[in-house]
Amino acid sequence: MIYSALGGNHRVPLLGAINNREEVISRGNSEGKRLEGCEIVSLTEKEDIVMKDSQSYWKATKRVLIFGISVCFVVLSAVNADAKKLSLSVAGAGIGQSSYIQAAALADYVNKHSDKLSLTAQTTRGFVHNSRLVNSGDTELGFCSTTIIYPALLGIEKFKEGKFKNLRGVINSGESMHYWITLKSKGINSIKDMAGKRINTGTPGSNTRYIARLTLRAYGVFDTIHESSLNFPGSASALIDGKIDAWCAAGAPPASTVVEVFSARDGKIIGIDDYMFDKFIKNYPMFGVSKLLANTYKGQTKDVPVLGYQAYLLANKDVPEWVTYEILKIIMTPEAKRELRVASVKWKALNAPDVPKLQGMSQVGLKLHPGAERFWREKGLTIPANISILK
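What you are looking at is a predicted structure, and each value in this text was computed from that prediction instead of being measured.

What follows deals with the packing of helix H7 (residues 232-240) against helix H8 (residues 256-264). Relative to each other, H7 and H8 sit at 15°, their axes nearing to 9 Å. Of the possible angle classes, the one that applies to H7 and H8 is roughly parallel. Crossing handedness for the pair H7 and H8: right-handed. For the pair H7 and H8, contact is made by Phe232, Pro233, Ala236, Ser237, Leu239 and Ile240 and by Thr257, Glu260, Val261 and Ala264, respectively. Residue classes in the contact of H7 with H8 are distributed as seven nonpolar, two polar and one charged.

Here it is, written out as structure tokens:
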């Protein structure tokens, strides 16, 4: 290889047109000292190695650039594909709570299997908050329980601002329970024993807090307690550390935060006394009688009667019909039922023989979203007249 010197100490390689030193000399004078103002300089062995390394570097750089351009093309294609999807939010609950885990599992599965939808699980203050988010359209989808749906539709209790007319049902999302957690050392054997105690009722806007206050008022002790507003993890830590005397959980058991209490201390579950059930069901038809089965938690050797209620996936009435149809088409497959059940215990509801539990919707007056109604009609289900949208 050769360099041509453009005067002084500047050297640049002669590439392409000249193949070797002999060819250069043949084009210049016979002595090979000058060629049209260019000095012909033979490469030393060291310079030849440097030149070869330089050529290898540029070849490697070229490969990297080609690879980088290819990666950019793939990324841009993926971004373009996501841009074509309709992005929607799914209101769940607080971090660690069963409804947030359920929302995250739904979003993840739908996103993997739909080329039309992109769902994002949203943390919220709970079901009361969710009902307001979905009704207003701030969030398109969300989980909510019949304990909240019923008064929201009627515009009573916490919903004095008026009837929530924009809520529509999609599918049952599982049965939940409401129960209390304390320590055996606290001497609390009934909710009535919580009078004057330090009681955590849950975060503001949550279904947990709503039911807790209903229950405490029914027992006549609400005005006597020292109320706190911790989330589930905070409640568990506070009970373990002796900062509160009891707290309540809502959702599908077992709850990881309750397991934590029973692992660290001698925990105790407090349910509802039998004589209180009739009062609740009469005044609040969204409730039912349920049981927290023995051995759900460490040391819990007996079934405990508790308040039970259903939860549903809701959609705002203005969500396009095809959206809820698409969601149901994706999650009602055998594969989806298996995967969602592993991700969230509440999704075992998909395997219930009476899913989507239309009678539960009918009981509280929750109308179906049109896309959901079309899906369930195609599955051969009879739609109760009071919740039908399609005529």
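The buried fraction of strand S11 (residues 246-251) amounts to six of the six residues, a majority that puts the element mostly inside the structure. Side chains Ala246, Cys248 and Ala250 of S11 all project onto a buried face; the interleaved residues Trp247, Ala249 and Gly251 project onto the opposite face, where all are buried too. Here strand S8 (residues 167-183) pairs with S11 via six bridges, running antiparallel. Among the inter-strand pairings, Tyr179 is bridged to a residue of S11, identified as Ala249. The pairing of strand S9 (residues 198-200) with S11 spans two bridges and is classified as parallel. Paired with Ile199 across the bridge in S11 is Ala246.

Okay, the nonpolar core next. Of all hydrophobic cores here, the largest spans 80 residues; its most connected members are Leu106, Ile171 and Ile331. Apart from the residues within four sequence positions on either side, Ile331 is in contact with Leu106, Val110, Ile171, Ala336, Lys337, Leu340 and Leu350. Ala236, Ile244, Val258 and Leu292 belong to the second-largest nonpolar core, a separate cluster that totals 21 residues.

So, on to the side chain of Thr324. Considering the arrangement of structural elements, one finds Thr324 in helix H10 (residues 321-331). The class of Thr324 is buried, set by a relative accessible area of 0%. In contact with Thr324, other than residues within four places in its own chain, are Val170, Ala315, His369, Gly371 and Ala372.

Moving on to helix H5 (residues 146-154). With respect to burial, H5 is a largely interior element, eight of its nine residues being buried. All buried positions along H5 are accounted for by Thr146, Thr147, Ile148, Ile149, Tyr150, Pro151, Ala152 and Leu153. Structurally, H5 contributes buried residues whose contacts are with helix H4 (127-136), strand S7 (141-145), S8, helix H6 (207-218), strand S14 (304-316) and helix H12 (358-364). Positive backbone phi, at 70°, marks Gly155, one or two positions downstream of H5.

Right, let's talk about the confidence of the model for the protein chain for a bit. Put simply, the protein chain has an average pLDDT of 84, and 79% of its residues get 70 or more. Predicted confidence for residues 1-43 stays below pLDDT 50, and this span has 59 contacts to residues more than four positions away or in other chains. Segment residues 71-79: pLDDT under 50, and zero contacts once partners within four positions in sequence are set aside and those in other chains are kept.

Counting across every chain of the model gives 12 salt bridges. The network of salt bridges with shared partners includes Lys186, Arg198 and Asp245.

What counts as what
Residues numbered from 1 in each chain as written. Predicted model: local features only at pLDDT ≥ 70, side-chain atom pairs only at ≥ 80, totals over all residues. Heavy atoms only, no water. Axes fitted to C-alpha atoms, helices over the stretch in contact; angles between N-to-C directions. Helix = DSSP H or I, 4+ residues; strand = E, 2+ residues; numbered from the N terminus. Parallel < 35°, antiparallel > 145°, perpendicular 65-115°, else oblique. Left-handed = near helix turned anticlockwise from the far one by under 90°. Contact = heavy atoms within 4.5 Å. Nonpolar A, V, L, I, M, F, W, Y, C, P; charged D, E, K, R; others polar. Buried < 20%, exposed > 50% of the residue type's maximum accessible area, 1.4 Å probe, protein only. Pairing = 2+ DSSP bridges. Core = buried A, V, L, I, M, F, W, Y, C linked by side-chain atoms within 4.5 Å. pLDDT = per-residue confidence, 0-100. Salt bridge = Lys/Arg side-chain N within 4 Å of Asp/Glu carboxyl O.

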